[in-house]
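Structure at a glance
Residues per chain, in single letters:
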Amino acid sequence: METLTIDIEHIKRFVTKSELNKQAKAAAEARKTLLSGKGAGSDFLGWVDLPAKTTTRITSRIRNEVDRLSAISEYVVVVGIGGSYLGARAVIDAFQHRAAFGQGYPYILYAGHTLSEDYYHWLMEILATVDYSVVVISKSGTTTEPAVAFRLLKKNLERRYGVHGAAQRIVAITDQNRGALHDIALQKGYSSFVIPDNVGGRFSVLTPVGLLPIAMTGLDIDSLLSGARHMRKVCLASDSIEENPALLYAAVRNALYQKGRQVEMMVNFAPNLRTISEWWKQLYGESEGKEGKGILPHSLSFTTDLHSMGQYVQQGQRIMFETVLSIQKPHHRVAIPVDKQNLDGLNYLADKSLTEINHCAEQGTVLAHEKGGVPVMRIELPKIDEATLGQLIYMFEFACGVSGYMLGVNPFDQPGVEAYKNNMFALLGKPGYSI
Ligand code: PA5
């Protein structure tokens, strides 16, 4: 399997060798803490071994559910928020070029990630005319947004298909023993999958939380897991930034943070990677943003955003660095046609593929931003397939644990996300809450 690589050529002007070496040592130390299972939040290290421990019993069960639901559903609504939503959507969106709906797989819609009334009106209007099923995902089983969405959808399914028929169209992914969703699933006899106790939401994409929705679109979850397994081996084998891309990534971003670069912009040159950035933002934002510390994760889609945020990146405050997700090979070729009249003056591009042009845009942008004072790191992805995404996911997760320990925070808790909930519950009059 071709391993993804990280190119740090364009950060060398900004970080000296000895600064990078210092962070490389800190990264190796943080890796040791992570793997010792003695660091802060070590009850949530289940993700480290997930790719190796996910049995064929689980993946076969997932595939059976996919076959069963596909046979009765034109649409499947995936209900969840945060870690119970972003990972699945990130992988599904990355494969827009291979969307399998209409080829025996259902079309995926999302719910539970918003409280927008108009969104649910639109969703229910679409669902009124099609056969559909629901995959509801919540580790705690009590999160308000997915619980509200699930109540709406469950009632609708029960009205249309009867209580028994609805139960055949609902799959729950939740805690093994606790929570309202667990209790409902048990009482109603829904098919269900367990989210392991020791895997936090934002690290759960390689559990059924991500695997079932991803498999619903016809994607190959075995290859996704094998890519993650490959990267796990790499990460467990070495504590050197020369050999371990997760450590290199963690060391570089911390070296830049030490030099005042407080914002990391995850940049893609293909819109199908936009949701990967959203998943990455949650992973790093929730893991590192605490105790007044943490690099602010931000994202941009180029070349689109070169025509909006490009100005700021080139000449605004020098507080950021960029991490570019660079796809080496496309799946399809689209070339620029020759035009005899050449009124648009584009014949100099004739016969060039869009990837050739896009790669020149990327190279030109990297050089311009570096010259403008923005360090740029590039993650080279051989191509977008399941195995490469599996590698990328595991690399970011491992680097996140390491980077959090380098920063001196617990990368596996999220105490801050409770604050808004308390206020919302108080405003809604939930007993026991006040502002
Ligand atoms: O990473 C996290 O822990 C959060 O983003 C959760 O995934 C999110 O709040 C949803 O929680 P739950 O799965 O319990 O509904």
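Residues numbered from 1 in each chain as written. Predicted model: local features only at pLDDT ≥ 70, side-chain atom pairs only at ≥ 80, totals over all residues. Heavy atoms only, no water.

1. Side note on the packing of aromatic side chains
Per the stated rule, a full pass over the model turns up 19 aromatic pairs. With a centroid separation of 5.0 Å and 25° between ring planes, the pair formed by W47 and F203 is classed as stacked. Highlighted residues: W47 in the loop between α1 (17-36) and α2 (50-53) and F203 in the loop between β6 (191-194) and α8 (208-216), separated in sequence by 156 residues. Considered together, W47 and F203 belong to a single accessibility category, that of buried residues. Consider the rings of W47 and F412, whose centres lie 6.2 Å apart with planes at 40°: the pair is tilted. Taken together, the residues W47 in the loop between α1 and α2 and F412 in the loop between α14 (386-407) and α15 (418-428) connect sequence positions 365 residues apart. With respect to burial, W47 and F412 carry one shared label: buried. Grouping aromatic residues by their ring pairs yields a cluster made of W47, F203, Y394, F398, Y405 and F412. A cation sits over an aromatic face here: R61 above F193, 3.9 Å from the ring centre. Positioned over the ring face of Y161 is R169, at 3.9 Å from the centre of the ring. (Phe/Tyr/Trp six-rings, centres within 6.5 Å; stacked < 30°, edge-to-face > 60°. Helix = DSSP H or I, 4+ residues; strand = E, 2+ residues; numbered from the N terminus. Buried < 20%, exposed > 50% of the residue type's maximum accessible area, 1.4 Å probe, protein only. Lys NZ or Arg CZ within 6 Å of the ring centre and 35° of its normal.)

2. Considering the pairing of strand β10 (residues 376-383)
Each regular strand carries side chains that alternate between the two faces of the sheet. With six of eight residues buried, β10 lies mostly within the body of the structure. Where strand β1 (residues 5-7) lies against β10, three bridges are found, and the strand directions are antiparallel. Counterpart to T5 in the pairing with β10 is E380. The pairing of strand β9 (residues 320-329) with β10 spans seven bridges and is classified as parallel. In the strand pairing of β10, I327 is matched with L381. Chirality of the crossover, the property in question, places the unit of β9, helix α13 (residues 354-371) and β10 among those that are right-handed. (Pairing = 2+ DSSP bridges. Right-handed = clockwise from strand over helix to strand, strands pointing away.)

3. A closer look at the state of the cysteines
Note: disulfide means a covalent bond formed between the sulfur atoms of two cysteine side chains. One pass over the structure, following the stated rule, counts zero disulfides. No disulfide involves C400; its nearest neighbouring cysteine sulfur is the one of C235, lying 13 Å away. A relative accessible area of 0% places C400 in the buried class. (Disulfide = S-S within 2.5 Å.)

4. What to know about a nonpolar patch on the surface
Among the surface-exposed residues, L115, V148 and L152 lie close enough to one another that they form a single nonpolar patch of about 250 Å² accessible area. By secondary structure assignment, the location of L152 is in helix α6 (residues 144-168). Residue L152 is classed as partly exposed on the basis of its relative accessible area, which comes to 40%. (Patch = residues over 30% accessible without salt bridge, like charges linked within 9 Å, V, L, I, M, F, W, Y side chains within 5 Å. Areas by Shrake-Rupley, 256 points an atom, 1.4 Å probe, with all protein chains shown as cover. Salt bridge = Lys/Arg side-chain N within 4 Å of Asp/Glu carboxyl O.)

5. Focus on the sheet that holds strand β2 (residues 75-79)
If you trace the five strands from one edge of the open sheet to the other, you get β3-β2-β4-β5-β6, paired in parallel fashion. Of all the strands in the sheet, just β3 (107-111) and β6 have a single pairing partner and so form its edges. For this sheet, the mean angle separating the axes of adjacent strands, direction not counted, is 20°. Two elements, strand β4 (residues 132-138) and strand β5 (residues 170-174), share five bridges in a ladder whose sense is parallel. Counterpart to V134 in the pairing with β5 is I170. Of the strands in this sheet, β4, β5 and β6 touch helix α3 (residues 56-72), which is tilted by about 145° from β6. (Axes fitted to C-alpha atoms, helices over the stretch in contact; angles between N-to-C directions. Contact = heavy atoms within 4.5 Å.)

6. Section: the packing of helix α9 (residues 221-237) against α14
Closest axis-to-axis distance for the α9/α14 pair is 6 Å, and the angle between their directions is 40°. When the axis of α9 is compared with that of α14, the two are oblique. For the pair α9 and α14, the sense of crossing is right-handed. Note on element contacts: α14 touches α9 through E386, A387, L389, G390, Q391, I393, Y394, M395 and F398, opposite S223, L224, G227, A228, H230, M231, R232, C235 and L236. Its residues assigned to classes, the contact of α9 with α14 comprises eleven nonpolar, five polar and two charged. (Parallel < 35°, antiparallel > 145°, perpendicular 65-115°, else oblique. Left-handed = near helix turned anticlockwise from the far one by under 90°. Nonpolar A, V, L, I, M, F, W, Y, C, P; charged D, E, K, R; others polar.)

7. Quick notes on the site of the ligand
Around the ligand there are 13 residues in total, and S84, S138, S140, T143 and Q282 lie nearest to it. In this structure, an oxygen atom belonging to the ligand sits 2.6 Å away from a side-chain N or O atom of S138. Between an oxygen atom of the ligand and a side-chain N or O atom of T143, the distance comes to 2.5 Å. A total of 380 Å² of accessible area belongs to the ligand in isolation, and the protein chains cover 87% of it. (Near = heavy atom within 4 Å. Polar contact = N/O pair within 3.5 Å; in protein donor to acceptor, adjacent residues only side chain to side chain.)

8. Remarks on the sheet that holds strand β7 (residues 263-268)
Pairing in this open sheet of five strands is mixed, and the strands run β1-β10-β9-β7-β8 from one edge to the other. Bordering the open sheet on either side are β1 and β8 (296-301), each of which pairs with just one other strand. Strand-to-strand twist in this sheet, taken as the mean axis angle between neighbours without regard to direction, amounts to 25°. Packing of helix α11 (residues 274-288) onto the sheet brings it into contact with β7, β8 and β9, and relative to β8 it is tilted by some 175°.

9. Remarks on α14
For α14, spanning 22 residues, the distance from its first C-alpha to its last is 31 Å, which sits close to the expected 32 Å at 1.5 Å a residue. With respect to burial, α14 is a largely interior element, 22 of its 22 residues being buried. Phi turns positive, to about 85°, at G408, one or two residues after α14. (Expected span 1.5 Å × (residues − 1).)

10. Considering the domain arrangement of the protein chain
In terms of domains, the protein chain is made up of domain 1 (5-40 + 223-409) and domain 2 (50-222). Each of domain 1 and domain 2 was reduced to a C-alpha centroid, and the two centroids are 30 Å apart. Across the contact, 28 residues belong to domain 1 and 27 residues belong to domain 2. In this assembly, domain 1 packs against domain 2 so that about 2500 Å² is buried in total across both faces, 64% of it on carbon and sulfur atoms. Of all residues in domain 1, the largest losses of buried area upon contact with domain 2 belong to L224, L225 and E386, amounting jointly to 24% of the total for that side. Taking the shortest distance from any N to any O, the salt bridge between E286 and R202 comes out at 2.9 Å. In this assembly, domain 1 and domain 2 are joined by 15 residue pairs in polar contact (both at pLDDT 80 or more). (Domains from an automatic or database assignment. Buried area = accessible area lost by both parts, 1.4 Å probe.)

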